[in-house]
Amino acid sequence: MKEPIGIFDSGIGGLTVLKEILKILPYENIIYLGDTARVPYGIRSHETILKYSYANADFLMNQRIKLLVIACNTASSVSTEKLKERCKIPVIEVITPGAKSASEITENGKIGVIGTEATVRSGTYLRAIKKLNPQLRVYLKACPLFVPLVEEGWTEEDNEVSLMVADKYLHELRDKEIDTLVLGCTHYPLLKGVIRKVMGRHIRLIDSAQETAKEIMKILQERNLMNEGQKKGSLQFFVTDDPERFKTMGYRFLEIEIENVTRVETIR
Ligand code: DGL
């Protein structure tokens, strides 16, 4: 099917998910919506996140997409059930694939999950992991400063400020002797080096973006929704704030030049 895949995120973070999708599904046409006027979602209330998620999904549904990806962990934690009821197409979120992979990989049964305040507060990761295996022990920690650190570009593994912040947030997970850590936020894969340095090289980091891309491929195959063409797919971006900022910031996440960005209003 030629119809596009629709992806939304609160801003640029979802580009980590898009990057993984492009690696394994190069022939798909894709529309990405970044709600850059309302980012960050991670500090907002359940009701507000739900309202924004509806607006994003409705916008993409109007573009006649064949599958919806909620690339934002915060939006996924809060709005997945409602969006599945609202949209008559497959809806893929980023929580379950990461939870599944963590539950399969852990050896000592102790899993850490880090994310935004709203993601941690929702308890969605906890429920998802416990549903897969009630014996597993799950330790959650909100790391709100990680998002601005990544957006500032302070991601090198020897960045003193990022290391200090990471140590402050993560020392309690280290003390719990977790062997697996779910990076439950779009931005955190960019801090892998810093996190590994703080947690120790033995730690298994679960990148939700990679797991989600595999899940999307599986659903497209199972439901016969793959684009059969052998031509590189089209890539179209919509943002709710300044396209220029999205292009420059987004390059760091996607590592390819971002073109074709249009500014839109999703909430009137
Ligand atoms: N995209 C968000 C997430 O994955 C992080 C940024 C935000 O708070 O909006 O949770």
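Quick note: structure is the one above.
Since the model is a prediction, treat every value here as computed from it, not as a measurement.

Asker: Could you give me a rundown of the sheet that holds strand β7 (residues 180–183), with the residues and numbers involved?
Answerer: If you trace the four strands from one edge of the open sheet to the other, you get β6-β5-β7-β8, paired in parallel fashion. Edge strands, defined here as strands with exactly one partner in the open sheet, are β6 (137–142) and β8 (204–207). The average undirected angle you get between the axes of adjacent strands in this sheet is 25°.

Asker: An account of the packing of helix α1 (residues 15–24) against helix α10 (residues 208–222) is requested, with residue identities and associated values reported.
Answerer: Look at α1 against α10: their axes get within 8 Å of each other, and the N-to-C directions meet at 45°. On the basis of the axis angle, α1 is oblique to α10. Crossing handedness for the pair α1 and α10: right-handed. Taken together, the residues of α10 that come into contact with α1 (itself represented by Thr-16, Val-17, Glu-20, Ile-21 and Ile-24) are Ala-209, Gln-210, Thr-212, Ala-213, Lys-214, Ile-216 and Met-217. Of the residues that constitute the contact of α1 with α10, the class distribution is seven nonpolar, three polar and two charged.

Asker: Tell me about the sheet that holds strand β2 (residues 30–34), and please be specific about residues and values.
Answerer: On the basis of which strands lie adjacent, the open sheet formed by six strands has the order β4-β3-β1-β2-β9-β10 and parallel pairing. Each edge of the open sheet is held by one strand with a lone partner, namely β4 (91–93) and β10 (261–263). Strand-to-strand twist in this sheet, taken as the mean axis angle between neighbours without regard to direction, amounts to 20°. Strand direction decides the pairing type here: β2 and strand β9 (residues 235–239), joined by five bridges, are parallel. Each bridged residue has a counterpart across the sheet, and for Tyr-32 the counterpart in β9 is Phe-237.

Asker: Account for the site of the ligand, with residues named and values stated.
Answerer: Taken together, 13 residues lie around the ligand, and Ser-10, Tyr-41, Gly-42, Thr-74 and Thr-186 are the ones closest in. With respect to the ligand, the side chain of Ser-10 contributes an N or O atom lying 2.6 Å from an oxygen atom. Interatomic distance of 2.5 Å between a side-chain N/O atom of Thr-74 and an oxygen atom of the ligand. Notes on the ligand: free accessible area 300 Å², of which the protein chains cover 99%.

Asker: Please give an account of the side chain of Asn-159 that cites residues and values.
Answerer: Within the fold, Asn-159 resides in the loop between α7 (146–152) and α8 (160–175). A relative accessible area of 12% places Asn-159 in the buried class.

Asker: Give me the side chain of Asn-56: which residues, what numbers.
Answerer: Relative to the assigned elements, Asn-56 resides in helix α2 (residues 46–61). By relative accessible area, Asn-56 is classed as buried at 0%. With near-sequence residues (within four places) excluded, Asn-56 lies in contact with Phe-8, Leu-33, Asp-35, Tyr-41 and Thr-266.

Asker: Which residues make up helix α6 (residues 124–132), and what values go with them?
Answerer: Looking at α6, one finds that the buried residues are Thr-124, Tyr-125, Ala-128 and Ile-129. An end-on view of α6 places all buried positions within 125° of arc, on one side of the element. Along α6, the residues that are exposed and aim more than 90 degrees away from the buried face are Arg-127 and Lys-131.

Asker: Which residues make up the environment of Val-239, and what values do they have?
Answerer: Residue position: Val-239 is located in strand β9. Since its relative accessible area comes to 0%, Val-239 is described here as buried. Considered as a pair, Val-239 and Thr-36 are 203 residues apart in the sequence and their alpha carbons are 6.0 Å apart.

Asker: With reference to specific residues and values, describe the packing of aromatic side chains.
Answerer: Counting across every chain of the model gives seven aromatic pairs. Taking 5.9 Å as the distance between ring centres and 55° as the angle between the ring planes, the aromatic pair formed by Tyr-32 and Phe-237 counts as tilted. Placement of the pair is Tyr-32 in strand β2 and Phe-237 in strand β9, with a sequence separation of 205 residues. Across this residue pair, the class does not change: Tyr-32 and Phe-237 are buried. Ring plane angle 45° and centroid distance 5.4 Å describe the contact between Tyr-41 and Tyr-52, whose orientation is recorded as tilted. One end of the pair, Tyr-41, is in the loop between β2 and α2; the other, Tyr-52, is in helix α2, with 11 residues separating them in the sequence. For Tyr-52, a relative accessible area of 12% gives the class buried.

Cut-off values and rules
Here the residue index of a chain counts from 1 through its sequence in written order. In keeping with the model being predicted, local features are shown solely for residues with a pLDDT of at least 70 and side-chain atom pairs are shown and tallied solely at 80 or more, while totals for entire chains, interfaces and linings include all residues. Remark: hydrogens and water are excluded; side-chain values derive from all non-hydrogen atoms of the structure. Pairing between two strands requires that DSSP report at least two bridges joining them. Only DSSP runs of H or I with at least four residues qualify as helices, and only runs of E with at least two residues qualify as strands; both kinds are numbered from the N terminus onward. The axes used here are C-alpha line fits, helices contributing only the stretch in contact, and every angle between their N-to-C directions lies in the interval 0 to 180 degrees. Note that the term roughly parallel is reserved for angles under 35 degrees, roughly antiparallel for angles over 145, roughly perpendicular for angles of 65 to 115, and oblique for everything else. Take the far helix as your reference; a near helix turned counterclockwise from it by less than a right angle gives a left-handed crossing, and one turned clockwise gives a right-handed crossing. Two residues form a contact once any of their heavy atoms are found within 4.5 Å. Three residue categories are used. Nonpolar comprises Ala, Val, Leu, Ile, Met, Phe, Trp, Tyr, Cys and Pro, charged comprises Asp, Glu, Lys and Arg, and polar comprises the others, including Gly. A single heavy atom is enough: if one lies within 4 Å of a molecule or strand, its residue is considered near that molecule or strand. By the criterion applied in these results, polar contacts are pairs of N or O atoms within 3.5 Å in which, for protein atoms, one can donate a hydrogen and the other can accept it, and in which residues neighboring in sequence qualify only through two side-chain atoms. The Shrake-Rupley method, run with a 1.4 Å probe, gives the accessible areas here. Residue values count only the displayed protein chains as cover. Partly exposed describes any residue whose relative accessible area lies between the buried limit of under 20% and the exposed limit of over 50%, with all areas from a 1.4 Å probe on protein chains only and scaled to the type maximum. Throughout, the arc means that of the directions going from the helix axis to the C-beta atoms. Note on ring pairs: Phe, Tyr and Trp rings are taken, using the six-membered ring of Trp, and paired if centres are within 6.5 Å. Classes follow the plane angle, with under 30 degrees stacked, over 60 edge-to-face and the rest tilted.

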